Amino acid sequence: MLTRDRQPRSDRALPTFITLVVLGILLMTFHVRLEGGGVVNVLRTGTQAIISPVQRGVSYVVTPIADAVEGLGEIAGLREENRFLKAALEESQAQLIAVEDQLARLHLFEALYGLDELETDLGRTVANVIGRPDPFDVGLIIDRGSIHGIAVDQPVIDSNGFVVGSVSSVTPFSSTVVPITGNREGLAVLVGSQVGDLASQAAFSEMRLDIPDAKEPVLAGARVLTSARSVLFPAGLPVGEVVSDADLATSAVSTTVRPYVEIDTLRIVIVLAWPADPISASGEDEIQTEITTTTDGDS
Amino acid sequence: MRVRTPAAVFLILLVAVVLQSTLFGRIRVITPDLVLLVAILIALTRIKPELVLAIAFSAGLVVDLLGSSLLGLRAIVFMSAAYIALRTRERADIGRFATALWAGGMTLIGVVLLVLLGTLFGQSTILGEHVLSRLVTVPLANMLLAFMIAPVLVRTVDQDPAALRY
C-alpha cells in the first residue's frame, strides 16, 4: 500500500476540532436565542444574496439536464400514467360541466339579490423552484425575492391553489420557502365545520390532525382547508384530505392528513401577498368568522 | 500550501454549493451531498489537518446559511466527518474502489450525525418524509461520485498530477 507524503497528523487537529465544535454550539445557541433574527438573519440574507445570482444563472443551464434525467427515470411508467390521465381527464370534463352549471346558477342568484363580490383578490407572484439547499433540507429556493414584492411569512401555494408553505427568508432576487410538512408551527385548519390543528410528523409526508373540541367524527376523504384562525394563511385554501376515519371517542379527535401538494415535483409556485395590510392584520385581536368560499384550488 | 491552493479550494466549494442547490436539488433519483463529499475528500489532500477542519466547518456553515435550519448544525457535522476522515485517510489509499467505499462510509457517518443532531434540536426541516431513504441513497451517491471525482479533486487541490495514482 502506498501512503502519500501528506502533512503529519498534528497534535493541533484535536484542539481545533474541539474549538470548532464549541463555536458551532455557540452559533446554534445564538440562532435559538435570536429566533433566527438579528445577526443570524443578516448573515443568512447576505450569504443568500451573494449566492443567488449564481444559482439563478446555473439553474437556467441545469434545468433541462435535470428534467432529462428525471424524464429517463419516469419513462417506464409513462404508458400507465397516460392511461390514468385520460380517465382523469374524462372525469374532470364531466365535473367541469357540472361546475359551469352551478356557476351559472350562482351568477343568476347574485344578480337577483344584488350581491357584490368582496375585494378578496390577493397579489400573486409566480416563481420558479430553482433548487434546494441540500438533500436533507425540505426548503425550496425560488427565483423571486424582495424586489418582486416577496416578504417573509407570506403564504405559498402551487398552480392548483393547494397550500405549499410559507416564505422563511428573502433576498433581493431569491427566497426560501419552507413547506407545511417541514414547519414546526401547527396550522389552523377547517374540516367540515370543525377547527383543528395540523402538525408535521418527522419522516412522514402525512400530517397529524388534532381537533380538541370535536363535535362529530371525521371521515376519510374529508377535505382540509385553511381556517380563518390561521395567522399564516388566508382562509379556505385547500391543504389536503383526511386519510383514515376518526371516531368521536372523547371530545378530541386525531387522525392523519395527506397534503395535496407533492413537494418534490414542484416546479412553479405562487407567493400570495397576504395579509394585504400586514400592519393592521398583526393588530387584530378578534378571530374572524370562518369563510370557506375559496375553493378554486380544487378545480 | 501553494498560493493557488486556497483559490482552488474556494472554487471547488463554490461549484459544489451551487451544483448541490440547483442541479442535485432538482433531480430526485440521484441525491448526493456534494458539499459534504468535498469536505471529506479535502482530507485526502496535503492541506494541514487544522485547515481541513476549518474548510469543512466553513463549507457546512455556508450550507446552513443557504438553508432554513439551525445555523451551525451542518458546520459541526461536516467538520466531524472531516475529522474522522483525517483519522482514517490511510485506508483510502489502497485504490480507487477503497477511496469510494471510504468516502461513502464517511458520508454515512455524516448524514447519521446530521439526522441525530437534527432530531435532538427539533429541526423539522431536516426530518422530511424522505429522511430514512436519504440515509441510504446519499452515501451511495457520494460513493459513486467519489469514485469519479476523488483523484481529480485531490490532484487539482495539491497541483500534483501523480496524486492518487494507485
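Asker: Looking at this model, I keep getting lost on the overall build of chain B. Mind explaining?
Answerer: The number of helices and strands found in chain B is seven helices and zero strands. Along the chain direction, N to C, the helices and strands of chain B fall in the order α-α-α-α-α-α-α. By the compact-globule yardstick of 15 Å for 166 residues, chain B fits well, its C-alpha radius of gyration being 15 Å. Counting only C-alpha atoms, chain B reaches 45 × 30 × 30 Å along its principal axes. Considering only contacts in chain B between residues 6 or more positions apart, those separated by 24 or more positions represent 67%.

Asker: Looking at this structure, I do not really get unusual backbone geometry. What am I missing?
Answerer: Comment: phi is negative for the bulk of residues other than glycine, and the bulk of peptide bonds are trans. A positive phi angle, near 80°, is found at Asp153 of chain A, a position not held by glycine. With respect to the helices and strands, Asp153 of chain A occurs in the loop between strand E2 (140-142) and strand E3 (155-158). On the basis of neighbour counts, which here come to 13 C-beta atoms within 10 Å, the residue Asp153 of chain A falls in the partly exposed class. One non-glycine residue, Gln159 of chain B, lies in the positive phi region at around 50°.

Asker: Whenever I open this one, the sheet that holds E2 of chain A confuses me. Can you help?
Answerer: Each strand in a sheet pairs with its neighbour through backbone hydrogen bonds, running either in the same direction (parallel) or in the opposite one (antiparallel). Residues and elements named next belong to chain A. Taken in spatial order, the six strands of this closed barrel run E1-E2-E5-E4-E3-E12, and their pairing is antiparallel. Between one strand and the next, the sheet's axes are offset by a mean angle of 45°, whatever the strand orientation. Across three bridges, the pairing between E2 and strand E5 (residues 175-179) is antiparallel. The partner of Ile142 across the bridge, within E5, is Ser175.

Asker: Could you clarify how one ought to interpret the packing of helix H1 (residues 13-33) of chain A against helix H4 (residues 49-66) of chain B in this entry?
Answerer: Any two packed helices are characterised by the angle at which their axes cross and by the distance between the axes. In contact at an axis separation of 8 Å, H1 of chain A and H4 of chain B are set at 20° when each is read in the N-to-C sense. On the basis of the axis angle, H1 of chain A is roughly parallel to H4 of chain B. Helix-helix and strand crossings are classified by hand; for H1 of chain A and H4 of chain B the assignment is right-handed. For the pair H1 of chain A and H4 of chain B, the contacting residues are Ala13, Thr16, Phe17 and Leu20 of chain A in the first and Pro49, Glu50, Leu53 and Phe57 of chain B in the second. Residues of the contact of H1 of chain A with H4 of chain B, tallied by class, amount to six nonpolar, one polar and one charged.

Asker: Can you walk me through the pairing of strand E12 (residues 268-273) of chain A in this structure?
Answerer: Sheet faces and side chains relate simply in a regular strand, where the side chains alternate between the two faces. Residue and element names in this part refer to chain A. Bridge analysis of strand E1 (residues 123-131) against E12 gives six bridges, and the strand direction is antiparallel. When the sheet's bridge partners are listed, Thr125 is paired in E12 with Val271. Taken together, the three bridges between E3 and E12 define a ladder with antiparallel strand orientation. The residue of E12 that forms the bridge with Asp158 is Val269.

Asker: Looking at this structure, I do not really get the sheet that holds strand E7 (residues 194-199) of chain A. What am I missing?
Answerer: Residues and elements named next belong to chain A. Ordered in space as E6-E7-E8-E11-E10-E9, the six strands form a closed barrel in which the pairing is antiparallel. Recorded for the sheet is a direction-independent mean angle of 40° between the axes of neighbouring strands. Pairing of strand E8 (residues 207-211) with strand E11 (residues 253-259) involves five bridges; the strand directions are antiparallel. In the sheet register, Ile211 faces E11, and the bridge partner there is Val253.

Asker: What should I look at first to understand the interface of chain B and chain A in this one?
Answerer: How big an interface is tends to be stated in terms of accessible area lost as the parts join. Contacts between the two partners involve 53 residues from chain B and, on the opposite side, 61 residues from chain A. Breaking the side of chain B that touches chain A down by element, the ones donating at least two residues are helix H1 (4-21), helix H2 (23-26), H4, helix H5 (73-88) and helix H7 (131-158) of chain B. Among the elements that make up the side of chain B that touches chain A, the one with the highest residue count is H4 of chain B (eight residues). Of the residues belonging to the side of chain B that touches chain A, the class tally is 30 nonpolar, 13 polar and ten charged.

Asker: Before we go on, may I ask you to explain the pairing of strand E4 (residues 163-170) of chain A in this structure?
Answerer: All names here are of chain A. Of all eight residues in E4, eight are buried; the element is thus mostly enclosed. Of the strand pairs in this sheet, E3 and E4 are connected by three bridges, and their pairing is antiparallel. Looking at the pairing, Pro155 lines up with Ser166 of E4. The hairpin formed by E3 and E4 contains four residues between the paired strands, and Gly161 there has a positive phi angle of roughly 90°.

Parameters at a glance
- Residues numbered from 1 in each chain as written.
- Chains lettered and ligands numbered in written order.
- Predicted model: local features only at pLDDT ≥ 70, side-chain atom pairs only at ≥ 80, totals over all residues.
- Helix = DSSP H or I, 4+ residues; strand = E, 2+ residues; numbered from the N terminus.
- Rg over C-alpha atoms; globule rule 2.2 N^0.38 Å.
- Contact = placed C-beta atoms within 7 Å.
- Buried ≥ 20, exposed ≤ 12 C-beta atoms within 10 Å, placed from the backbone.
- Pairing = 2+ DSSP bridges.
- Axes fitted to C-alpha atoms, helices over the stretch in contact; angles between N-to-C directions.
- Parallel < 35°, antiparallel > 145°, perpendicular 65-115°, else oblique.
- Left-handed = near helix turned anticlockwise from the far one by under 90°.
- Nonpolar A, V, L, I, M, F, W, Y, C, P; charged D, E, K, R; others polar.

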